[in-house]
Amino acid sequence: MSASTTPSLEDRSATTEPVRAERTPTGEPTGLKVRRWVRYVVLTVLAVLFISPLIFMVVTSFKTRADSASLPPSWWPSPFSTDAFATVLGAGTDTPVLRWFANSMIAAALHATLVVTTAALAAYPLARMEFRGKKIVFGAIVATLFVPPVILIIPNYLIVGQLFWLDTLIAIIVPTAASAFGVFFLRQFFLGLPLELEEAARLDGANRFQVFWKVVLPLSRPALVTLAMLAFLTNYNDFLWPVYVLFSPENQTLPAGLSTLQSANAVRYDLLMAGAVVASVPVLALYVGAQRFIIEGVSRSGLKG
Amino acid sequence: MASTVTAPRSETVSDDRRGGAPRRRDINSVGIAPWLFLAPYLVLFLAFVVGPIVYGLYISLHRYDFTLPNKPFVGLENYTDLFTPGSITFSAFWQSMRATGIFTVFSVPLLLVVPLMIALVMNRKFPGRNLFRAVFFAPYVLGVAVVAILWRYLLDSNIGLVNYYLGLLGLPDNTAWTTSTPAAWFALVGVTVWWTLGFNAVIYLAGLQDIPRELYEAAEMDGANRWQQFRHVTLPGLKPVLSFVTMTTIIASANMFGQSYLITKGAPGTETRTAIYQIAETGLRNYQMGSAAAMSYVLTLFLILLSLLVFWLFRDRETPKRQKAGAPVQAAPLMLRQGKG
């Protein structure tokens, strides 16, 4: 195609033509047009069905107690009521949802900070420096990617107990913060950065830490944000660990708290849905705002690391 | 090893540089710098990952009860008990392993096929595609607690939506989704597929987009129909992604906990109580930590064998080297799906 000039121009217009035709509905063959519409209809129906449980969750959270337990199910709250939220968010109960919300946000934010800080610091020498023991350290970190976390539950419970961290948020923030995935992910990213900038900074007299802080980190913002999001989501949503290491009602995170809310109000679905909505709002907001980072982070991780 | 991280030294470097040749060797010598960078991570890594792996082994060799003063050494007793029919832990453990097995066997194929179909439908450029992708991924960002409490409501045998709409379709409308088998298995698998299919779909979609268009064009020119194109272009092109998705999905399913804990509470009886659930209850509710640690090591062994089997099934017969290089890369995001079931 690139051999001679005139035919190549013709070639190019010939190849782009069908693509353009597919885009403008007027010039498109009916078969393609029908297929396009079928795809839209099928996808839209599927997507609406798929998302409907979440819609019903939100709708129910604004229903009255009686309305939430009546059949046929209504897809609009009538009467519209915020009683469920008032009840679960109200003070003086055994299920202080607002307190749990604060606990979860604080724990997840500190956890994400700790994960990104330690992983970035660790990933940098593994990407850029030569030293004895590097292979062993990196090998050990990668090897733990294969270790199922179940093996850590019992010993970490005892370690956390010996540190007097049981029933505190520190137990949620710290023990899961050594992210092998984070080190791996950031190392891959650092390896892809242009070496020249770092070398230039070194020649200008910057020390290793200054190079890392002033050159590498600013260039790595997308990767750092992606890792922070994933760490936040994982910690915010974590369920098993908080259920077993937090006991006092006021120390629960939201997922663990929702579990106690469920045991306390087994059939008060209006309250349960209100609690679930409160728990969903931050992650859905984060998802809508940073969808690109989250989805790109996940899809890239499947291929290149 | 000379110290290289202090400020005075950098001054000397710039002085030297004025004098002439750049001191490349000096710039590349690292001293203790890498260890200073690694230190914070390694503290956490040793204290809460490497240490516990060894400590867990130690616990599993003792009759270790958190609440009792004496924790006598019992050798392999906790392990032999798990393999001795009639012992206290035997039936509970293997029933939970069976539950995990049933869940894995039914959820994994669905989680491999359904997201692939969604990804194939979406593997075209069309307006609104990113919106659809976002919708299918959305449940995945929610935690298991939200998902399970929501579905506990929808699956309620009296006032739940699921039974109501099944009734409208003329199907039985009184299924006890959360308290009877096999209905509970349908519920647990169905909820999990709904919750996590977006994760696999997004990875498939990225994999599909990496297959060069020319391959399809060439296949089309050779007269291949859509099925043949799928069979001979799409599937081989997707192989590395497929092996990654299979691996992560199996491990995630084998780690299922929250759905069973919140939706069925292990009911009926302890039939839907999974292995992780059993380990947590044995160790952290009944404080038989020695037994629980032994169980977690047996489960881990199973998971490792399963992973090796998957590696072997997907091994690249033509170019064995590539597979080797790909392995750790593909294991990287396991963390994202751990425990997601």
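Keep in mind it's a predicted model, so treat the numbers as computed, not measured.

**Details of the overall build of chain B**
For step 1, the next point in the chain: When its secondary structure is counted, chain B shows 17 helices and zero strands.
For step 2, the next point in the chain: If you take every contact in chain B between residues at least 6 apart in sequence, the share linking residues at least 24 apart comes to 67%.

**Thoughts on the interface of chain B and chain A**
For step 1, the next point in the chain: Of the residues lining the interface, 85 residues belong to chain B; the matching set on chain A comes to 83 residues.
For step 2, the next point in the chain: Residue contributions to the side of chain B that touches chain A peak at 15 residues, all from helix α3 (residues 33–60) of chain B.
For step 3, the next point in the chain: A per-class count over the side of chain B that touches chain A returns 67 nonpolar, 14 polar and four charged.

**As for the packing of helix α5 (residues 90–122) of chain B against helix α14 (residues 275–284) of chain B**
All names here are of chain B.
For step 1, the next point in the chain: For the pair α5 and α14, the least separation of the axes is 7 Å and the interaxial angle reads 145°. Of the residues in α14, those in contact with Ala92, Phe93, Ser96, Met97 and Thr100 of α5 are Ala275, Tyr277 and Gln278.
For step 2, the next point in the chain: Classifying every residue of the contact of α5 with α14 by side-chain character gives five nonpolar, three polar and no charged.

**Section: the domain arrangement of chain B**
All names here are of chain B.
For step 1, the next point in the chain: Per the domain assignment, the segments making up chain B are domain 1 (7–80) and domain 2 (85–337).
For step 2, the next point in the chain: The interface is formed by 12 residues belonging to domain 1 together with nine residues belonging to domain 2.
For step 3, the next point in the chain: Every element with two or more residues in the side of domain 1 that touches domain 2 is listed here: α3 and α4 (77–82).
For step 4, the next point in the chain: Considering only residue class, the side of domain 1 that touches domain 2 consists of five nonpolar, five polar and two charged.

**Things to note about the domain arrangement of chain A**
Residue and element names in this part refer to chain A.
For step 1, the next point in the chain: Domain boundaries in chain A define domain 1 (5–89) and domain 2 (97–301).
For step 2, the next point in the chain: For domain 1 and domain 2, the distance between their C-alpha centres works out to 32 Å.
For step 3, the next point in the chain: Taken together, the contact between domain 1 and domain 2 spans 14 residues of the former and 11 residues of the latter.
For step 4, the next point in the chain: For the side of domain 1 that touches domain 2, the elements supplying multiple residues, two or more each, are α2 (30–61), α3 (65–68) and α4 (83–89).

**With respect to the nonpolar core**
For step 1, the next point in the chain: In this structure, Ala119, Val183, Leu186, Leu227 and Ala276 of chain A together with Ile149 of chain B are the most contacted members of the largest nonpolar core, which totals 161 residues.
For step 2, the next point in the chain: Element by element, the count of residues in this core is highest for helix α9 (residues 183–209) of chain B, at 15 residues.
For step 3, the next point in the chain: Excluding anything up to four places from it in sequence, Ala119 of chain A contacts Ser179, Gly182, Val183, Leu186 and Leu227 of chain A together with Tyr41 of chain B.

**Remarks on unusual backbone geometry**
For step 1, the next point in the chain: Of the consecutive residues Ser78 of chain A and Pro79 of chain A, the connecting peptide bond is found in the cis state with omega at 0°.
For step 2, the next point in the chain: With phi around 60°, Phe164 of chain A is a residue other than glycine that occupies positive phi space.
For step 3, the next point in the chain: Within the secondary structure layout, Phe164 of chain A lies in the loop between α7 (150–162) and α8 (170–173).
For step 4, the next point in the chain: A count of 10 C-beta atoms within 10 Å places Phe164 of chain A in the exposed class.
For step 5, the next point in the chain: In this model, Lys265 of chain B sits at a positive phi of 50°, which is unusual for a non-glycine residue.
For step 6, the next point in the chain: Along the chain, Lys265 of chain B falls in the loop between α13 (258–264) and α14.
For step 7, the next point in the chain: Given 17 C-beta atoms within 10 Å, Lys265 of chain B falls into the partly exposed group.

**Some remarks on the confidence of the model for chain B**
Residue and element names in this part refer to chain B.
For step 1, the next point in the chain: For chain B, the average pLDDT comes to 83, and 84% of its residues sit at 70 or higher.
For step 2, the next point in the chain: Mean pLDDT across the elements of chain B bottoms out in helix α16 (residues 320–331) (41) and peaks in α3 (95).
For step 3, the next point in the chain: Between residues 1–25, whose pLDDT stays under 50, and residues either more than four places distant or in other chains, the model counts 30 contacts.
For step 4, the next point in the chain: Predicted confidence for residues 320–336 stays below pLDDT 50, and this span has 32 contacts to residues more than four positions away or in other chains.
For step 5, the next point in the chain: If you check the scores for this complex, the pTM reads 0.84 and the ipTM reads 0.84.

**A few points about the confidence of the model for chain A**
Residue and element names in this part refer to chain A.
For step 1, the next point in the chain: Averaged over all residues, the pLDDT of chain A is 84; the fraction at 70 or higher stands at 88%.
For step 2, the next point in the chain: Predicted confidence in chain A is weakest over helix α1 (residues 5–23), with a mean pLDDT of 40, and strongest over α8, with 96.
For step 3, the next point in the chain: Counted against residues more than four places away or in other chains, residues 1–25, with its pLDDT under 50, gives eight contacts.

**Quick word on the environment of Leu110 of chain B**
All names here are of chain B.
For step 1, the next point in the chain: Checked against the element boundaries, Leu110 lands in helix α5.
For step 2, the next point in the chain: Taking C-alpha positions, Leu110 is 8.8 Å from Leu197, a pair spaced 87 residues apart along the chain.
For step 3, the next point in the chain: Leaving out residues up to four positions away in the same chain, Leu110 has contacts with Val189 and Val193.

**Brief notes about helix α11 (residues 208–219) of chain A**
For step 1, the next point in the chain: Here α11 of chain A contains 12 residues, and its C-alpha end-to-end distance of 16 Å stays within 8% of the 16 Å for a straight helix at 1.5 Å per residue.
For step 2, the next point in the chain: Along α11 of chain A, the residues that are buried comprise Arg208, Val211, Phe212 and Val216 of chain A. Angularly, the buried residues of α11 of chain A cover 95° about the axis, an arc narrow enough to put them on a single face. Of the exposed residues in α11 of chain A, those oriented more than 90 degrees away from the buried face are Lys214 and Pro218 of chain A.
For step 3, the next point in the chain: On its buried side, α11 of chain A packs onto α5 (97–128), α9 (180–191) and α10 (195–203) of chain A together with α3 of chain B.

**Overview of the packing of α7 of chain A against helix α15 (residues 289–313) of chain B**
For step 1, the next point in the chain: The N-to-C vectors of α7 of chain A and α15 of chain B enclose an angle of 160°; their axes lie 8 Å apart at closest approach. For the element pair α7 of chain A / α15 of chain B, the angle class is roughly antiparallel. Considering only the axes of α7 of chain A and α15 of chain B, their crossing is left-handed. For the pair α7 of chain A and α15 of chain B, the contacting residues are Val150, Ile151, Ile153 and Ile154 of chain A in the first and Met289, Ala292, Ala293, Ser296, Tyr297, Leu299 and Thr300 of chain B in the second.
For step 2, the next point in the chain: Taken together, the residues of the contact of α7 of chain A with α15 of chain B sort by class into nine nonpolar, two polar and no charged.

**Notes on the environment of Trp195 of chain B**
Residues and elements named next belong to chain B.
For step 1, the next point in the chain: One can find Trp195 in helix α9.
For step 2, the next point in the chain: Among the residues examined, Trp195 registers 24 C-beta atoms within 10 Å and is labelled buried.
For step 3, the next point in the chain: Measuring from C-alpha to C-alpha, the distance between Trp195 and Asn123 comes to 21 Å, with 72 residues separating the pair along the chain.
For step 4, the next point in the chain: Aside from chain neighbours lying at most four places away, what touches Trp195 is Pro139, Tyr140 and Val147.

Rules of the game
Numbers given for residues are sequential positions, taken from 1 along each chain in its written order. Chains and ligands are labelled by the order in which they are written, letters from A for the one and numbers from 1 for the other. Given that the model is predicted, a residue must reach a pLDDT of at least 70 before its local features are reported, and side-chain atom pairs must reach 80 or more before they are shown or counted; all residues, however, enter totals for whole chains, interfaces and linings. Each helix is a run of DSSP H or I of at least 4 residues and each strand a run of E of at least 2, with the numbering of both proceeding from the N terminus. A residue pair is marked as a contact if its C-beta atoms, positioned from the backbone, fall within 7 Å. Lys, Arg, Asp and Glu make up the charged group, whereas Ala, Val, Leu, Ile, Met, Phe, Trp, Tyr, Cys and Pro make up the nonpolar group; the residues left over, Gly among them, are polar. Between N-to-C directions, angles span 0 to 180 degrees; the directions come from axes that are lines fitted to C-alpha atoms, helices contributing only their stretch in contact. Per the annotation, domain bounds derive from an automatic or database assignment of domains. Joining buried Ala, Val, Leu, Ile, Met, Phe, Trp, Tyr and Cys residues through C-beta atoms within 7 Å gives a set, and that set is a nonpolar core. The exposure scheme places C-beta atoms from the backbone and then counts, for each residue, the other C-beta atoms within 10 Å of its own, assigning buried at 20 or more, exposed at 12 or fewer, and partly exposed in between. In predicted models, pLDDT denotes the confidence assigned by the predictor to each residue on a 0 to 100 scale. By this rule the span expected of a helix is its residue count minus one, scaled by 1.5 Å. Arc definition: directions from the helix axis to the C-beta atoms. Should an angle fall under 35 degrees it is called roughly parallel, over 145 degrees roughly antiparallel, and 65 to 115 degrees roughly perpendicular, with every other angle called oblique. For a crossing to be left-handed, the near helix must be turned anticlockwise from the far one by less than a right angle; the clockwise case is right-handed.

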